[in-house]
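Residues per chain are reported as follows:
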Amino acid sequence: MTTEWLNVGKIVNTHGLRGELKVLSQTDFPDVRFAPGGKLVLWEPEGKEQLSAIVEQSREHKGSFIVKLKNFDDINAVEKYKGWNVKVDDSQRVELAEGEYYYNDIIGCLVVTDEGEELGTISEILRPGANDVWVVERAKGKPVLLPVIDQVVLQVDTSRKHVTVHVLEGLI
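Parameters and conventions
Residues numbered from 1 in each chain as written. Predicted model: local features only at pLDDT ≥ 70, side-chain atom pairs only at ≥ 80, totals over all residues. Heavy atoms only, no water. Helix = DSSP H or I, 4+ residues; strand = E, 2+ residues; numbered from the N terminus. Buried < 20%, exposed > 50% of the residue type's maximum accessible area, 1.4 Å probe, protein only. Polar contact = N/O pair within 3.5 Å; in protein donor to acceptor, adjacent residues only side chain to side chain. Contact = heavy atoms within 4.5 Å. Phe/Tyr/Trp six-rings, centres within 6.5 Å; stacked < 30°, edge-to-face > 60°. Pairing = 2+ DSSP bridges. Axes fitted to C-alpha atoms, helices over the stretch in contact; angles between N-to-C directions. Salt bridge = Lys/Arg side-chain N within 4 Å of Asp/Glu carboxyl O. Core = buried A, V, L, I, M, F, W, Y, C linked by side-chain atoms within 4.5 Å.

1. Examining the side chain of Glu20
Note that Glu20 resides in strand β2 (residues 20–25). A residue is classified by how much of its surface remains accessible, and Glu20, at 12% relative accessible area, is buried. Polar contacts involving the side chain of Glu20 include one to the side chain of Arg59, which spans 3.0 Å. If we ignore the near neighbours within four places in the chain, the residues touching Glu20 are Thr14, His15, Gln57, Arg59, Ile66, Val67, Lys68 and Val78.

In structure tokens, the structure reads:
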């Protein structure tokens, strides 16, 4: 069985001389991911090289996180990891409340209207403000932008990769 990896951050720089890394969080659960004792895997951008690491300590700092990994005690030990991705394996998923979904569970879902018409497949999720917007790629024509609100999204079945929606007037 292959392991699925979830992106939780990107190393954007070093911080100080004691081996700390500045990590731009890409997770809704940074308090869990970067908690002391947390297990992370650092991935080289092309995915050729990876390194398992354990969080020694972390703190939020100006919109990112300063993370100190165990056994990395100076800037020379961490300098090469700038630009690397930070991941966790799928077994470390945080359980979500009803009606909440991980992006990778939604992307690729087939979207069908409550009248039975296939709209297309969700290719991207935008976060413009008050609510998310799902980009639905159609076989013909422009993509459909669906607001993720109760009046539009009626049912989501991530196990079947199937979403049922009600298309409000003017959406298409």
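From this point, things continue past the structure.
2. A look at the packing of aromatic side chains
Enumeration over the complete set of coordinates arrives at four aromatic pairs. On the numbers, 5.2 Å between centres and 40° between planes, the contact of Phe34 with Phe65 is tilted. Taken together, the residues Phe34 in the loop between α1 (30–33) and β3 (39–43) and Phe65 in strand β5 (residues 64–69) connect sequence positions 31 residues apart. With relative accessibility at 1%, the residue Phe34 sits in the buried group. Ring-pair connections join several aromatic residues into one group, and the members of that group are Phe72, Tyr81 and Trp84.

3. Quick notes on the sheet that holds strand β7 (residues 110–113)
Taken in spatial order, the six strands make up an open sheet running β10-β9-β8-β7-β12-β11, and their pairing is mixed. Two strands bound the open sheet, and with one partner strand each, they are β10 (144–147) and β11 (153–157). The sheet shows a mean angle of 35° between the axes of neighbouring strands, direction not considered. Where strand β8 (residues 118–126) meets strand β9 (residues 133–137), five bridges bridge the pair, whose relative direction is antiparallel.

4. Quick notes on the pattern of salt bridges
Evaluation of the coordinates by the stated rule reveals ten salt bridges. Close ionic contact of Glu49 with Lys80 constitutes a salt bridge, the shortest N to O distance being 3.2 Å. A residue pair is termed long-range when its members are at least 10 positions apart, and Glu49 in the loop between β3 and β4 (50–61) and Lys80 in the loop between α2 (75–78) and β6 (85–89) qualify at 31 residues. Since its relative accessible area comes to 38%, Glu49 is described here as partly exposed.

5. Remarks on the pairing of strand β1 (residues 5–15)
Where β1 meets β6, five bridges bridge the pair, whose relative direction is antiparallel. Counted as the bridge partner of Gly9 is Val86 from β6. Alignment of β1 against β2, held across six bridges, turns out to be antiparallel. Within the sheet, the bridge partner assigned to Asn13 lies in β2 and is Lys22. Between β1 and β2, which follow one another and run antiparallel, lie four residues, and Gly16 among them has a positive phi close to 75°.

6. Re the sheet that holds β4
The six strands lie next to each other as β1-β2-β5-β4-β3-β6, forming a closed barrel whose pairing is antiparallel. Shown here is a sheet whose adjacent strand axes are inclined to one another by a mean of 50°, direction ignored.

7. A closer look at the nonpolar core
Ranked by internal contacts, the top residues of the largest apolar core, which has 19 residues, are Ile11, Leu40, Leu69 and Val86. Contributions of two or more residues to this core are made by β1, β2, β3, β4, β5 and β6. Look past the residues within four positions of Ile11 in its chain and what remains in contact with it is Leu21, Lys22, Val23, Leu42, Tyr81, Lys82, Gly83, Trp84 and Val86. Residues Ile122, Ile125, Val144 and Val163 belong to the second largest nonpolar core, which totals 15 residues.

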